[in-house]
Amino acid sequence: MKKILFILFIISLLEAKEYIVISSKTMPTLTKNQLKRIFLKKIRIFNNQELIPLNLPTNTSIRYSFEKNILQMSRTQLKAYWTKKHYLGVRAPKKQKSQEAIIKFIQKVPGAIGYIEKQSLPDNLKIVYQWDEK
Amino acid sequence: MFHSINSFIENKLLLTFFIIGMFPLTIFLIYMIYLSQNKILQKSLNDEKIQIEKTEQIVQTNLTQLYNEIIFLSKLEIMDDIVTEDLDKRITTLLEKKANALHMDVVLYVVDKHGKLIASSQRDYAPSFQPQNMQGYQNKEKKLYFYSAIKASYNKQSQLGYLVLEYNLENLQLFFTTTPHIHTFLLSSTQLETIAPKINFAFNPHKTQVINEKYIVVYKKQKKFLEEWYLVYAVDKNVALAFLYDFLRFILYMVPLVILLIIFIAKKFSKKITIPILQLTSLTKSITKTKNFEATINLDTQDEIQQLSQSFNLMLQMTHNALQELKKENEIRLQRFIHLIETFNSIMQTKTTQECIEVSLEKLQTLVAKEHIHFQAQNNTGCIALEAMNYETGKKEVYGALCIDKQHLNNKDEKQFFESIGHMISLQLDRILLINNTLAISHAKSAFISNMSHELRTPLNAIIGSTQYLLSYEKLTDDQLEMIGNVESSAQYLLSMINDILDMAKIEAGKMDIHPQKVSPKELVDNVVTMLMPLLDEKDLSLYKNITVSNSLSIMTDPKIYQQICINLLSNSIKFTAKGSITLQLYKKENTIIFELIDTGIGISQENIKKLFEEFTQVENVMQKKHKGTGLGLSLSKKMAQLLDGDIILESHGESYGTKALFWIPL
């Protein structure tokens, strides 16, 4: 219920959506390119920390935005990419169902990195990237 | 038991077949009842063991499968949500789905590494978990817990928590075959808990099977997953043995049929054997009945009975032959016997001793060679003595001996035979001598009688003649007359006595001759009456004559004797009747002439009648003194009557009742 309201809220704010990529405090800010590479699992380890990128469910607008802006790949391209990568033993990033889950996950697991809507964060997390969706 | 009219062989065969047939049957039954029962139970046990293992296998497989599933589930990436404490409830959804999919009474839990419940497939209840126990599987009461560690998919070293499957052991009932007769269940080691309906039996952890009254029970301690439990598999005993009992019942129903079959076959086969035997028996019976020893028996059974009949035929033949021989021998013997009898006959015919010896020798010579047998006067050893009675000395003495050559006396029978002949000859000699003796005596008697007759009568006749002359011609005084008269009557009397005695002697010696003539009995009787009339007149007795025979009737008899008898009887009557009458009758009765006298005299008592006919007796009576008589009269008369083929009978009702005398002779 909360989620639906939240999504509606987000949709109401269709105009300018701000999305952030968050991770633990130890993570430095990342460039778009780095982010892309991380989420395509081309970079696996960063600062001796194994990275665990987190995706939101497939049909969320954030994800679409992320893919469009950061990964700059279409869904079909990504599908193809991950199919290829699958056979090389690399799986797609873990999915979490909700943004809260992402937050929680990142709090718990070092090296986790995920993207959510801009919102207030707990202390132990930091924004490593931001983008907007117009 | 076997008193039927059938042959004993048939019954023996019946019994044999019966035993042969029944013996295996009974053994079979005994085996079935006692031994196979055990076998069936054993087999049952074995089957159950196999079953129990199958069940165990299934259970194991299933549980292992479940466990593997848990392990698999725990490896899912989705389990990373433990980190988010299943915020999105993804794990919960999965657990719920999985629990439903399993269609069993299971609950899935996901707990974090401290044992805190993160997600569960059922919302209401959650047991507490101790993370240190969460290894592999655990059996708590009636629940089985599968544990699988959940590792982070992103970091294999990092354990996030555990996936727990709470499996209700009651689920296992699915794999247990339970029918009304089969009972499968789990029994805890404590024997307090059971999964699935149980049955009672004596549980012994050290054994693996129990057979009690109702059940055949097999149980096995479980390994993996169910270490605290025993899997028990029990089958109702009577079900296991049902087949056996059905079979036994079937056999029992078959038994009467089998018995009938046996009887039928036995009878059939025995007929084959007994019929020839009976044939043989009936044939032999008929042979013995008809004594036809020439018959033969023909049987065609190609077996021992035929052999029997053949040897029987042989025996019959032999018997027949033997009988024929015996017949021949018999004939020969008979011939010999006849010859012997003839020999004896001829010997018997001999009249002198010399003739006897000669004839004997002659006859014996037909049996023995002439040289081997002879007669001699002395008796030696080895000879057969001939003894005869010497009637002069009155002693038996050896007359002579018959000597036969030794060779004929070897055989005991032959010796006896010749001895018997010797006895025979002795007897004959004896007889001849006896006859000679008797003849001599007879001759002597005759001579004596004729002598006596002559000698006695001559002087008496002289006396009588002289006295009669004196009486009739000489002139004598009355006294002298009386005296002479006495002499004369005494002499007469003496003469008559002598006559009587001589007659008696004659008759005794058999010398009395009868001279039968044709005479008329009436005439004779009339003569008698005339002769004795003076006596009657003297005593003043009346005589009633009743003669019914005709004058012309004549009989063949000796008139002198007849008259004499009548005279004797009449004179006796007159003598013994003091007064009254005498009734004389002469009549024909049947084929006899009867001369009957009834007087009114003194009569005779019954005892005395017998005595009267004895010689020389006169019954003592009143008239003794008055009557003279030698006492020979009646006895002589009776003898004379018997000479004429007749008899005299005296009857009297007793003393003083008179006497009836009856003299009859045949026509």
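Below, the structure is looked at part by part. Quick caveat: nothing in here was measured; it's all calculated off a predicted structure.

### Points about the pairing of strand E1 (residues 106–112) of chain B
All names here are of chain B. Burial runs high along E1: seven of the seven residues are buried. Of the two faces of E1, the one carrying Val106, Leu108, Val110 and Asp112 and the one carrying Val107, Tyr109 and Val111 are both buried. Pairing analysis gives seven bridges linking E1 to strand E5 (residues 155–168), with the strands arranged antiparallel. Among the inter-strand pairings, valine 106 is bridged to a residue of E5, identified as tyrosine 167. Bridging between E1 and strand E2 (residues 117–120) involves three bridges; their strand directions are antiparallel. Along E2, the bridge assignment pairs tyrosine 109 with serine 120. Counting the residues that bridge the hairpin from E1 to E2 gives four residues, and of these glycine 115 lies at a positive phi of roughly 95°.

### Brief notes about the pattern of salt bridges
Evaluated as defined, the whole model comprises 21 salt bridges over all chains. With a closest N to O distance of 3.2 Å, B:Lys545 and B:Asp526 form a salt bridge. Linking B:Lys545 in strand E15 (residues 542–547) with B:Asp526 in helix H9 (residues 521–539), this pair joins segments that are 19 residues apart in sequence. What makes B:Lys545 partly exposed here is its relative accessible area of 46%. Relative accessible area serves as the criterion here: at 21%, B:Asp526 is assigned to the partly exposed category. One salt-bridge network, in which partners are shared between bridges, spans A:Lys104, A:Lys108, B:Glu85 and B:Lys116.

### Side note on the sheet that holds strand E6 (residues 112–117) of chain A
All names here are of chain A. With mixed pairing, the five strands of this open sheet are ordered in space as E5-E4-E6-E1-E7. Every interior strand has two partners, whereas the edge strands, strand E5 (94–95) and strand E7 (125–133), have only one. Where strand E1 (residues 17–24) lies against E7, eight bridges are found, and the strand directions are antiparallel. Looking at E7, one finds that glutamate 18 is bridged to aspartate 132.

### Some words on the side chain of B:Thr350
Residue and element names in this part refer to chain B. Relative to the elements of secondary structure, threonine 350 occurs in the loop between helix H5 (304–349) and helix H6 (353–367). For threonine 350, a relative accessible area of 4% puts it in the buried group. Filtering out sequence-adjacent residues up to four positions away, threonine 350 remains in contact with Glu355, Cys356, Val359, Gln428 and Ile432.

### Thoughts on the nonpolar core
Residues and elements named next belong to chain B. Within the largest apolar cluster, 108 residues are counted, with the highest numbers of intra-cluster contacts made by Val110, Phe146 and Tyr167. The element contributing the most residues to this core is helix H1 (residues 8–74), with 14 residues. Look past the residues within four positions of phenylalanine 146 in its chain and what remains in contact with it is Leu63, Leu66, Tyr67, Ile70, Gly136, Tyr137, Leu163, Val164, Leu165, Tyr167 and Phe225. Core analysis: the next-biggest nonpolar cluster, separate from the first, contains 39 residues, Ile555, Ile609, Met640 and Leu650 among them.

Reading the values: the criteria
Residues numbered from 1 in each chain as written. Chains lettered and ligands numbered in written order. Predicted model: local features only at pLDDT ≥ 70, side-chain atom pairs only at ≥ 80, totals over all residues. Heavy atoms only, no water. Buried < 20%, exposed > 50% of the residue type's maximum accessible area, 1.4 Å probe, protein only. Helix = DSSP H or I, 4+ residues; strand = E, 2+ residues; numbered from the N terminus. Pairing = 2+ DSSP bridges. Salt bridge = Lys/Arg side-chain N within 4 Å of Asp/Glu carboxyl O. Contact = heavy atoms within 4.5 Å. Core = buried A, V, L, I, M, F, W, Y, C linked by side-chain atoms within 4.5 Å.

Purely geometric numbers; function is a separate question.
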